[in-house]
Amino acid sequence: MDCVFCKIINGDIPSTKVYEDDEILAFRDIEPAAPTHILVIPKRHIASAAEIKPEDGALIGHIFAKIADIARLEGIEDAFRVVSNCGRDAGQTVFHLHFHVVGGRELSKWA
Ligand code: 5GP
Ligand code: ZN
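Overview of the structure. Throughout, a residue's number is its position along its own chain's written sequence, starting from 1. Naming scheme: in the order in which they are written, chains are lettered from A and ligands are numbered from 1. In keeping with the model being predicted, local features are shown solely for residues with a pLDDT of at least 70 and side-chain atom pairs are shown and tallied solely at 80 or more, while totals for entire chains, interfaces and linings include all residues. Where side-chain values are given, they derive from all heavy atoms of the structure, hydrogens and water being excluded.

## Describing the packing of aromatic side chains
(1) Moving on: Between the rings of Phe, Tyr and Trp (Trp by its six-membered ring), a pair exists once the centres lie within 6.5 Å; its type follows the angle of the planes, with under 30 degrees stacked, over 60 edge-to-face, and the other angles tilted. Counting across every chain of the model gives two aromatic pairs.
(2) Moving on: Look at Phe-64 and Phe-99: their rings are 5.2 Å apart centre to centre, the planes differ by 70°, and that puts the pair in the edge-to-face class. Of this pair, Phe-64 sits in helix H2 (residues 57-74) while Phe-99 sits in strand E5 (residues 99-103); the two residues are 35 residues apart in sequence, bridging distant segments of the chain.
(3) Moving on: When a residue's accessible area, from a 1.4 Å probe over protein chains only, is under 20% of the maximum for its type it is buried; when over 50% it is exposed; and in between it is partly exposed. You can call Phe-64 partly exposed: its relative accessible area is 37%.
(4) Moving on: In this structure Phe-99 comes out as buried when scored by relative accessible area, which is 7%. A run of H or I in DSSP counts as a helix once it spans at least four residues, and a run of E counts as a strand once it spans at least two, with each numbered from the N terminus.

What follows is the structure in structure tokens.
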């Protein structure tokens, strides 16, 4: 499959990893929008948040627990944002589910 994030998981494309286990990978965004900008993804290819099923609940819970850990490690636990763009018209450019974790600068409500 021609998916850039699957290639990152496979090691075909290098990345700056922040956290990895059997289920998920966290790595730094190549075009950071803030001092901390990390992408957290499941290793199993899910196209977007629109494809999440009830049986993915444990995986999604695991992702969010690790997001909290990562925020603490980055020192942004008091002010950060988690975003998942879903669909081309919402700004999704990579169609492998990912959560942007953004912080380290002032974050206004929607920008
Ligand atoms: P989206 O636009 O789908 O919400 O988010 C995709 C994100 O992936 C973008 O912020 C983009 O900078 C990042 N990205 C795209 N290709 C690569 C890559 O090869 N390596 C890394 N580290 N990030 C990437
Ligand atoms: Zn993928």
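## Some thoughts on the coordination of the zinc ion (ligand 2)
(1) Moving on: The rule for donors is simple: an N, O or S atom within 2.8 Å of the metal counts, and for Na, K and Ca the reach is 3.2 Å. Water is not among the atoms, so a site may look short of donors. Within the first shell, the zinc ion (ligand 2) binds the protein through Cys-3 (SG), Cys-6 (SG), His-45 (ND1) and His-96 (ND1), at distances of 2.1 to 2.3 Å.
(2) Moving on: Classification of the site at the zinc ion (ligand 2) rests on its four donor atoms, whose angles at the metal span 100 to 117°, yielding the label tetrahedral.
(3) Moving on: Along the chain, the residues donating to the zinc ion (ligand 2) are arranged with the sequence spacing C-x2-C-x38-H-x50-H. Of this pair, Cys-6 sits in helix H1 (residues 4-10) while His-45 sits in the loop between strand E3 (36-42) and H2; the two residues are 39 residues apart in sequence, bridging distant segments of the chain.
(4) Moving on: Judged by its relative accessible area of 16%, Cys-6 falls in the buried class.
(5) Moving on: Residue His-45 is classed as partly exposed on the basis of its relative accessible area, which comes to 28%. By the criteria applied here, four donors are tetrahedral when all angles lie between 85 and 135 degrees, four are square planar and six octahedral when opposite donors are over 155 degrees apart and every other angle lies between 65 and 115, and any other arrangement is irregular.

## Some details on the side chain of His-96
(1) Moving on: Among the structural elements, His-96 can be located in the loop between strand E4 (80-83) and E5.
(2) Moving on: Here the side chain of His-96 touches Pro-42 through a polar contact of 2.8 Å, landing on its backbone oxygen.
(3) Moving on: The contact criterion used is simple: two residues touch if any of their non-hydrogen atoms lie within 4.5 Å. Discounting chain neighbours no more than four positions away, the residues touching His-96 are Cys-3, Phe-5, Cys-6, Ile-9, Ile-41, Pro-42, Lys-43, Arg-44, His-45, Ile-46 and Ala-47. Between N or O atoms, a polar contact is any pair within 3.5 Å; within protein, one atom must be a potential hydrogen donor and the other a potential acceptor, and residues adjacent in sequence are included only when both atoms are from side chains.

## So, the site of ligand 1
(1) Moving on: Put simply, a residue is near a molecule or strand once any heavy atom of it comes within 4 Å of that molecule or strand. Arg-28, Asp-29, Asn-85, Thr-93 and His-100 are the nearest of the 16 residues found near ligand 1.
(2) Moving on: Here an oxygen atom of ligand 1 and a side-chain polar atom of Asp-29 are 2.5 Å apart.
(3) Moving on: Contacts to ligand 1 include Ile-30, whose backbone N or O atom sits 3.3 Å from a nitrogen atom.
(4) Moving on: Alone, ligand 1 offers 520 Å² of accessible surface; in the complex the protein occludes 84% of this. Areas reported as accessible are Shrake-Rupley estimates using a 1.4 Å probe. Residue values count occlusion only from the protein chains shown.

## A short note on the sheet that holds strand E2 (residues 24-28)
(1) Moving on: Read across the sheet, five strands follow the order E1-E2-E3-E5-E4 without closing on themselves; strand pairing throughout is antiparallel. Every interior strand has two partners, whereas the edge strands, strand E1 (17-20) and E4, have only one. Neighbouring strand axes in the sheet, compared pairwise and without regard to direction, differ in orientation by 15° on average.
(2) Moving on: In this structure, E3 lies alongside E5, joined through five bridges in antiparallel fashion. Strand pairing follows a simple DSSP-based rule, namely that at least 2 bridges must link the two strands. What counts as an axis is a line fitted to C-alpha atoms, over the stretch in contact for a helix, and the angles between N-to-C directions run from 0 to 180 degrees.

## Things to note about the environment of His-96
(1) Moving on: The exposure class of His-96 is buried, given its relative accessible area of 0%.
(2) Moving on: Separated by 55 residues in the primary sequence, His-96 and Ile-41 place their C-alpha atoms 7.7 Å from one another.

## Here's the deal with the pattern of salt bridges
(1) Moving on: A pair is scored as a salt bridge if a Lys or Arg side-chain nitrogen falls within 4 Å of a carboxyl oxygen belonging to Asp or Glu. Per the stated rule, a full pass over the model turns up eight salt bridges.
(2) Moving on: Close ionic contact of Arg-28 with Glu-74 constitutes a salt bridge, the shortest N to O distance being 2.7 Å. One end of the pair, Arg-28, is in strand E2; the other, Glu-74, is in helix H2, and 46 residues separate them in sequence.
(3) Moving on: In this structure Glu-74 comes out as partly exposed when scored by relative accessible area, which is 24%.
(4) Moving on: Here Asp-69 and Arg-72 are joined by a salt bridge, their closest N and O atoms 2.7 Å apart. Of this pair, Asp-69 and Arg-72 both sit in helix H2, three residues apart, which is roughly one turn of that helix.
(5) Moving on: Judged by relative accessible area, Asp-69 falls into the partly exposed class, the value being 29%.

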